[in-house]
Structures are given as C-alpha cells and as structure tokens.
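Summary of structural features
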There are 2 protein chains.
Amino acid sequence: MPETGQQVGTRQRVEDSAALLFRRQGYAATGLKQIAAESGAAFGSIYHFFPGGKADLGDHVVRRAGAAYRDLVATALGGDADPETAVLSMFDAAARALAESDYADACPIATLALEVASTDERLRMATEAVFADWVDTATAWFGQWVPRPADRDLATSLIMLLEGAFLLARAARDPGPLHIAGQSMVTLLRAHRSG
Amino acid sequence: MPETGQQVGTRQRVEDSAALLFRRQGYAATGLKQIAAESGAAFGSIYHFFPGGKADLGDHVVRRAGAAYRDLVATALGGDADPETAVLSMFDAAARALAESDYADACPIATLALEVASTDERLRMATEAVFADWVDTATAWFGQWVPRPADRDLATSLIMLLEGAFLLARAARDPGPLHIAGQSMVTLLRAHRSG
DNA sequence: GTCTATAGCATGATAGAC
DNA sequence: GTCTATCATGCTATAGAC
C-alpha cells in the first residue's frame, strides 16, 4: 500500500498525538480517549492498529520517538567540526526548543520511563533500549576525539546532564540549567582530551 | 496534643505511604484508595487531614520528602573532609540504596515533577522550590572549596548528574550510571579547583 | 478500516453516621 | 477523628454495526 500524496494516515496521527501527550503529561495521566480526540481518530481505531491496547501503543511510541530524538540530537551535534562548539550549540538548541514550547517539550520518554520503571516491565525495557541507543550514538561521536573507554563515559554524562537539565528547567520554567549543563559538558570533554 | 510514646499518627502514615507510592509509580498512577489501603487509614481520613484532596496531599508530600532528601544528601556529603572523596561516596551510597530497593527508590520527587510540570501549576511550584533548596544547599557546600560563581554551577551539575543517573539506572536496572556520574562530578570539581 | 455503544471497573470527591 | 456508603465521572477494553 504505497503512500499517495502527503496525506498522513490514521495510525501515524494516533502515534503522533500519543507521543505528544506522553511527553507533556506522562503515561498514566494520558487516556486513550484523549488520544483519540486529539488525533481525530475514532476510539476503536486505536485498538485496530494496536490490539494490545495502551501498553502496545506506548511501546511503539517510545521506540519511534526515541529513534527520532536520537537523530535530532545527532544532527545537532554533527554539524560542527569543533566538538566543544558542537556540544554547546546542541545544549543551546535544546534550551531554545524547550522555552519555545513553553517548557513542555523536553525529553520525549523521560516522564514515561520514570513512571513505568518499577511497574511495567515491557515498557521499562523499551525505555532501556532507547537510552542504550542514545548512549551508543553519542559514544561513537565522542570516539572521534577521545579514546576508549572515556568516549562512553562522556556519552553517558552527556545524556545524564541533558536529562537532569530538562528536569530542573521544566520545574523552574527557566532554561538556565541547560546552559550550565552545556558548560559542564565542555569541561568534561576538555579534561578527557588533555588527560 | 503532645505525642505520647513513639506511636505514629494517621496523618504521618498517610504522608509516608503517599510519598512511597508517588516515588515509585508517580502521581497520576497512584490512587487515594491505594494510599488509604497502604497506610491503613480510612479513606475519609485523607480528606480530614488534606481537605484539598489529592493536590493538597501531593503538595505536602513534595515539600516534606524534598526536605528529608536534602538532609540525607547533605549528611552523605558532609561526613568527609576531602570533597572529592565525599562526592564519590555520596554517589556510591545512592547507587547502593537504589539497587537495594530493587531500583525503586531514586529521587523522591522527579517522577511527579515531570508529570506536573505542564499540567499543575501549584505542584510544579512545589517541585521548583525543592530543587532550588537542594541547589542552594549544595552551593553552600561547594563554597567551602570553590569561589563564586563556580560553586553554584557545580551544585547545579551535581543535582543534574544525580537525576540523570537515577533515570538511566532505573531504566536499565543497573547502578553503573551513578558511578559514572560520580566520576564526572569529581572531574568537574578538580577543574574548578585548579582553574 | 471506521465508528458507536457499552460493559466492567477504577477514580476523586462528598455526605453523614458514629 | 474514624469510617462507610455513594455519586458522578473517568478509564481500558470489547462487541458489533456499517
């Protein structure tokens, strides 16, 4: 079934709306009826595309949004030749996007990940796979300038600082933490390049 | 009404159970009936002590658990004379506590903070106040060895690394991120002391 | 594939007996 | 202060017409 024209199918509209709502208000607080209303899909269509119900939809959304955000961050990092400048501009871009969305669009899966970590093993494993993918991607990027195993430690610290900064920035409605995180990341990179 | 003996009142049992459940499964997924059952209190007692209902209870729990966790971290940091050793042992203690709770007890307010950041202004402000209090406390601690304004940047990075590490560690059921975060924090501290 | 209706069960909140 | 019953509403999930 080839896509004719740029029309967006019902399934994708459902996934997009679910991703947006899970990101902004979390998994438990988002109802399937709200997703149906937001996406313009009939309630029954959700169960047509995701027979396993909410958990099935959540699993798909986590993996799809996770891959998309990895590409977004990889693009933000890859544009520059100097790694320190690239790191700073990536955190700046994240800060700008967060403020422009009225502090709603931070990490697409962090809220859900914390909610399900101790309550839903299937969704927990989906978030684990996404974070591992992000760390792998960042490890390969840092590997251009830093030897093992420091590349992986830097990559893990990058994700941790970004996630922690998103948390503080959303709670305070202030982009400041993201800029501090960027500076700290530059300091860590310098220490590992000279050391 | 003086406390006679070490009996724990109904109000505190409700707060304790709510704090535990909010921490492990989040705010939206935790029902008042579950809190009543867990604490052994009658359902109506919750509304007796918290007339504003769930939001009222959540606000109290966030501030109380936030202050308790600040004291816990401050104690973990303050025990040692050497700041680098103190930072490492604090992250080690956090890793141990997390693993021993089967990756359930990480930050007491992070899940709730992300859930309410864009949906409940009163609770968002409660989490903002708690994080600001933590950063202030850590800033004063770093101020013993590092001049302004680096003390505040280090304090913010400490909280961000701790929160990001908790997220990755819970998702992967692995304490590794907390140890990497501790090492990165030591690197940041060294850079600011020599620089 | 789309859409509606509804079952079965939870929720937050309230009223009122004791 | 404690406890129970209940209301109105929401949820996930299912069944079945079209």
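Before reading on, note that the structure itself is shown above.
Quick caveat: nothing in here was measured; it's all calculated off a predicted structure.

Comments concerning the relation of the copies chain A and chain B
- Expressed as a screw operation, the relation of chain A to chain B combines 0.0 Å of axial shift with a rotation of 180 degrees, fitting to an RMSD of 0.0 Å. What the rotation and shift describe, once combined, is the action of a two-fold rotation axis. Among all residues of chain A, the minimum C-alpha distance to the rotation axis is found for Gly164(A), at 2.3 Å.
- Taken together, the interface assignments show that 100% of the residues at the interface of chain A recur at the interface of chain B, consistent with an identical surface on both copies.

Thoughts on the protein's contact with DNA strand D
- Lining the immediate surroundings of DNA strand D are 16 residues, of which Leu32(A), Phe43(A), Tyr47(A), Lys54(A) and Thr10(B) lie closest.
- Backbone atoms, meaning sugar and phosphate, make up 50% of the atoms of DNA strand D lying within 4 Å of the protein.
- Taking Tyr47(A), its side chain carries an N or O atom lying 2.7 Å from a phosphate oxygen of DNA strand D.
- A distance of 3.1 Å separates a phosphate oxygen of DNA strand D from a polar side-chain atom of Thr10(B).
- Within the residue set of the surface near DNA strand D, elements represented by two or more residues are α2 (32–39) and α3 (43–49) of chain A together with α3 (43–49) of chain B.
- The biggest single contributor to the surface near DNA strand D is α3(B), with five residues.

A look at the interface of chain A and chain B
- The partner chain B presents 40 residues to the 40 residues of chain A that form the contact.
- Between chain A and chain B the total buried area reaches about 3,500 Å² when both faces are included, carbon and sulfur atoms providing 74% of it.
- The largest share of the area that chain A buries against chain B comes from Leu114(A), Met160(A) and Leu167(A), three residues that together contribute 20% of it.
- Where chain A packs against chain B, one counts zero salt bridges.
- There are 10 residue pairs in polar contact (both at pLDDT 80 or more) connecting chain A and chain B.
- Listed by contribution, the elements that provide at least two residues to the side of chain A that touches chain B are α1 (10–25), α6 (110–116), α7 (121–142), α8 (150–172) and α9 (176–194) of chain A.
- At 14 residues, α8(A) tops the list of elements feeding residues into the side of chain A that touches chain B.

What about helix α4 (residues 54–78) of chain B?
- The end-to-end C-alpha distance of α4(B) is 35 Å, a good match for the 36 Å that 25 residues give at a rise of 1.5 Å each.
- Of the residues making up α4(B), those classed as buried are Asp56(B), Leu57(B), Gly58(B), Asp59(B), Val61(B), Val62(B), Ala65(B), Gly66(B), Tyr69(B), Val73(B) and Leu77(B).

A closer look at the protein's contact with DNA strand C
- Around DNA strand C, the structure places 15 residues, and the nearest of them are Leu32(B), Lys33(B), Phe43(B), Tyr47(B) and Lys54(B).
- When the atoms of DNA strand C within 4 Å of the protein are sorted by group, sugar and phosphate make up 50%.
- Tyr47(B) has a polar side-chain atom sitting 2.6 Å from a phosphate oxygen of DNA strand C.
- The separation between a phosphate oxygen of DNA strand C and a polar main-chain atom of Lys54(B) is 3.1 Å.
- Elements with a contribution of two residues or more to the surface near DNA strand C: α3 of chain A together with α2 (32–39) and α3 of chain B.

Focus on the environment of Arg173(B)
- Relative to the helices and strands, Arg173(B) is located in the loop between α8 (150–172) and α9 (176–194).
- In this structure Arg173(B) comes out as partly exposed when scored by relative accessible area, which is 31%.
- If near-sequence neighbours (up to four positions away) are discounted, Arg173(B) is found in contact with Arg124(A), Asp102(B) and Tyr103(B).
- A polar atom in the side chain of Arg173(B) sits 2.5 Å from the side chain of Asp102(B).

Remarks on empty space enclosed by the protein
- Per the stated rule, a full pass over the model turns up three cavities of 30 Å³ or more.
- Here the largest cavity defines a volume of roughly 160 Å³.
- Residue lining of the largest cavity: 20 residues in total, with Leu114(A), Leu167(A), Leu114(B), Glu163(B) and Leu167(B) positioned closest to the centre.
- Mapped by element, the contributors of at least two residues to the lining of the largest cavity are α6 and α8 of chain A together with α6 (110–116) and α8 of chain B.
- The calculated volume of the second largest cavity comes to roughly 50 Å³.
- The set of elements that each furnish at least two residues to the lining of the second largest cavity consists of α1 and α4 (54–78) of chain A.
- Among the residues making up the lining of the second largest cavity, the classes are represented as eight nonpolar, no polar and one charged.

Calculation criteria
- Residues numbered from 1 in each chain as written.
- Chains lettered and ligands numbered in written order.
- Predicted model: local features only at pLDDT ≥ 70, side-chain atom pairs only at ≥ 80, totals over all residues.
- Heavy atoms only, no water.
- Least-squares fit on C-alpha atoms with pLDDT ≥ 70 in both.
- Contact = heavy atoms within 4.5 Å.
- Near = heavy atom within 4 Å.
- Polar contact = N/O pair within 3.5 Å; in protein donor to acceptor, adjacent residues only side chain to side chain.
- Helix = DSSP H or I, 4+ residues; strand = E, 2+ residues; numbered from the N terminus.
- Buried area = accessible area lost by both parts, 1.4 Å probe.
- Salt bridge = Lys/Arg side-chain N within 4 Å of Asp/Glu carboxyl O.
- Expected span 1.5 Å × (residues − 1).
- Buried < 20%, exposed > 50% of the residue type's maximum accessible area, 1.4 Å probe, protein only.
- 1 Å grid on protein atoms, 1.4 Å probe; cavity = no way out; pocket = protein on both sides within 12 Å on 5 of 7 lines; lining within 4 Å.
- Points joined across faces, edges and corners; volume = space filled by probe spheres on them.
- Nonpolar A, V, L, I, M, F, W, Y, C, P; charged D, E, K, R; others polar.

The values reported here are purely geometric and, on their own, carry no functional implication.
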